[in-house]
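# Coordinate analysis (summary)
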Amino acid sequence: FARQTYAQRAGNFSNAAAKQLLDTMERKQSNLCVSVDVTKSSDFISVIEAVGPYVALIKTHIDVLDDFQPSVIDALTALGEKHDFLIFEDRKFADIGNTVGLQYSSGIYKIASWSHITNAHTVPGPSVVTGLASVGLPLGRGLLLLAEMSTKGSLATGDYTKSSVRMALDHPEFVIGFIAQSRMDSAAAQLGYAGKDLLVLTPGVGLDSRGDGKGQQYRTPKEVVEESGCDVIIVGRGIYGDGRNLDVADVRAKAERYRTKGWLAYRNRIAP
Ligand code: UP6
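Since the model is a prediction, treat every value here as computed from it, not as a measurement. (Residues numbered from 1 in each chain as written. Predicted model: local features only at pLDDT ≥ 70, side-chain atom pairs only at ≥ 80, totals over all residues.)

### A look at the UniProt feature "domain: Orotidine 5'-phosphate decarboxylase" (unreviewed entry) in the chain
The condition that has to hold: UniProt positions are given in the numbering used here, feature names are shortened, and annotations may be inferred rather than shown by experiment. For helices the rule is a DSSP run of H or I covering at least 4 residues; for strands it is a run of E covering at least 2, with both sets numbered from the N terminus onward.
Using the residue numbers shown here, the UniProt feature "domain: Orotidine 5'-phosphate decarboxylase" (unreviewed entry) corresponds to residues 31–251. Within the segment residues 31–251, helix and strand shares are 35% and 18% respectively, and the terminal C-alpha atoms sit 17 Å apart.

Quick look at the structure:
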């Protein structure tokens, strides 16, 4: 699958969100997802307005907004339509099936109603997937499982990663791929599912720094996409800095830079 184009791979998925994401990536020639981890709604919208033309996906942590109002979701959704991107709430669900279903559908944020894609830790076992699927599948949503993490000392390695791949392969209609640092195809093949395509979305991407001094580790788009076979680069502070004194022109230029580097790495991967 690492050698197929994004357009070809859209045909490998039955899940609506996965197909839509791959089609958007091909149409916009972008494998960039910007992670917008700022705390003021006005900054949140400014960053998204600036990067919108360059991204296929916007990743949110909606619960870090100090001044959240439901109107932020309306603005986010409208920008998604205007700039042609999907939305990924990085909620990292990790509880029993009944609880994650409530957290996904209800509360202040009602994530399932606006987020095309969300994600979950696999530590609870398969019930985290079935609990989320009961809410998200009827809405055409997709789920990513955290098979690996970008942080120093992560426990998501080895057998944990492999068991996460098995959980994904057991729920192909709802699980569309992973948050991981490398392709999971060889783990899937070892489990006897060589024919199933799954996406890999990768955080911990930066061009100018190798870490943030708080456990985060950065690799370049080339290392992530060309050398490790990942499909989407997730970039946060590499694009908007520390979130203070936002310079919108600079944010736009950085997004364009990461988009170019990410796409080049993909082109080199599919036609080396
Ligand atoms: N994230 C990681 N690593 C993971 C999983 N998720 O960094 O393994 C998320 C963080 C943050 C973003 O929660 O929102 O990706 C990375 O942001 P950064 O580029 O500013 O470091």
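### Details of helix 3 (residues 41–51)
Condition: Three exposure classes are used, all based on how many other C-beta atoms lie within 10 Å of a residue's own C-beta (placed from the backbone): buried at 20 or more, exposed at 12 or fewer, and partly exposed between those limits. To be clear, the arc concerns the directions from the helix axis to the C-beta atoms. Here, residue contact means that the backbone-derived C-beta atoms of the two residues sit within 7 Å.
For helix 3, every residue scored as buried is listed here: Phe44, Val47, Ile48, Ala50 and Val51. With its buried residues spanning 160° around the axis, helix 3 presents them on a single face. Considering only its buried residues, helix 3 is in contact with strand 1 (32–36), strand 2 (57–60), helix 4 (70–83), helix 10 (237–240) and helix 11 (248–270).

### A closer look at the packing of helix 3 against helix 11
Here is the rule: Angles shown run from 0 to 180 degrees and are taken between the N-to-C directions of axes, each axis being a line fitted to C-alpha atoms and, for helices, limited to the stretch in contact. An angle counts as roughly parallel when it lies under 35 degrees, as roughly antiparallel when it exceeds 145, as roughly perpendicular when it falls between 65 and 115, and as oblique in every other case. The crossing is said to be left-handed when, going from far helix to near helix, the turn is anticlockwise and less than a right angle, and right-handed when the turn is clockwise. The residue classification treats Ala, Val, Leu, Ile, Met, Phe, Trp, Tyr, Cys and Pro as nonpolar and Asp, Glu, Lys and Arg as charged. All others, Gly included, are polar.
Between helix 3 and helix 11, the shortest axis-to-axis distance is 8 Å and the interhelical angle comes to 45°. Comparing the axis directions of helix 3 and helix 11 gives the class oblique. The handedness of the crossing between helix 3 and helix 11 comes out as right-handed. Together, Ser46, Val47, Ala50 and Val51 of helix 3 and Val248, Val251, Arg252 and Ala255 of helix 11 make up the contact between the two elements. In terms of residue class, the contact of helix 3 with helix 11 is made up of 6 nonpolar, 1 polar and 1 charged.

### Points about the environment of alanine 75
Relative to the helices and strands, alanine 75 resides in helix 4. Expressed as a C-alpha distance, the spacing of alanine 75 and isoleucine 45, which sit 30 residues apart in the sequence, is 7.5 Å.

### Quick word on helix 4
Under the convention used in this document: Helix span, expected: 1.5 Å multiplied by one less than the number of residues in the helix.
The terminal C-alpha atoms of helix 4 lie 20 Å apart, and with 14 residues this matches the ideal 20 Å at 1.5 Å per residue to within 8%. Positive backbone phi, at 65°, marks aspartate 84, one or two positions downstream of helix 4.

### Description of the nonpolar core
For the record, the criterion: Defined on buried residues, the nonpolar core groups Ala, Val, Leu, Ile, Met, Phe, Trp, Tyr and Cys residues joined through C-beta atoms within 7 Å.
Counting 77 residues, the largest nonpolar core has Cys33 and Val55 as its most contacted members. Here this core gets 6 residues from one element, more than from any other, and that element is helix 11. Here cysteine 33 is in contact with Val55, Ala56, Leu57, Lys59, Phe88, Leu201, Val232, Ile233 and Ile234, once residues within four sequence places are set aside.

### What to know about the confidence of the model for the chain
The criterion, for reference: Per residue, pLDDT measures the predictor's confidence, with a range of 0 to 100.
Summarising the model, the chain shows a mean pLDDT of 97, and 100% of its residues fall at 70 or more. For this predicted complex, the interface score ipTM comes out at 0.99, while the overall pTM is 0.98.

### Overview of the site of the ligand
Counted only if it meets this: Residues are classed as near a molecule or strand if the C-beta position derived from their backbone is within 6 Å of it.
The ligand sits among 17 residues. The nearest are Met149, Ser150, Pro203, Gly236 and Arg237. For the shell around the ligand, the secondary-structure elements that each account for two or more residues are strand 8 (232–235) and helix 10. Of the residues assigned to the shell around the ligand, the class counts are 5 nonpolar, 8 polar and 4 charged.

### Topic: unusual backbone geometry
You will see that aspartate 84, though not glycine, has its phi angle at about 65°, which is positive. As for its placement among the helices and strands, aspartate 84 is situated in the loop between helix 4 and strand 3 (86–93). C-beta crowding within 10 Å serves as the criterion here: with 16 such atoms nearby, aspartate 84 is assigned to the partly exposed category. Despite not being glycine, lysine 110 shows a phi value in the positive range, around 45°. Mapped onto the elements, lysine 110 comes out in the loop between helix 5 (97–105) and strand 4 (117–121). What makes lysine 110 partly exposed here is the crowd of 14 C-beta atoms within 10 Å.

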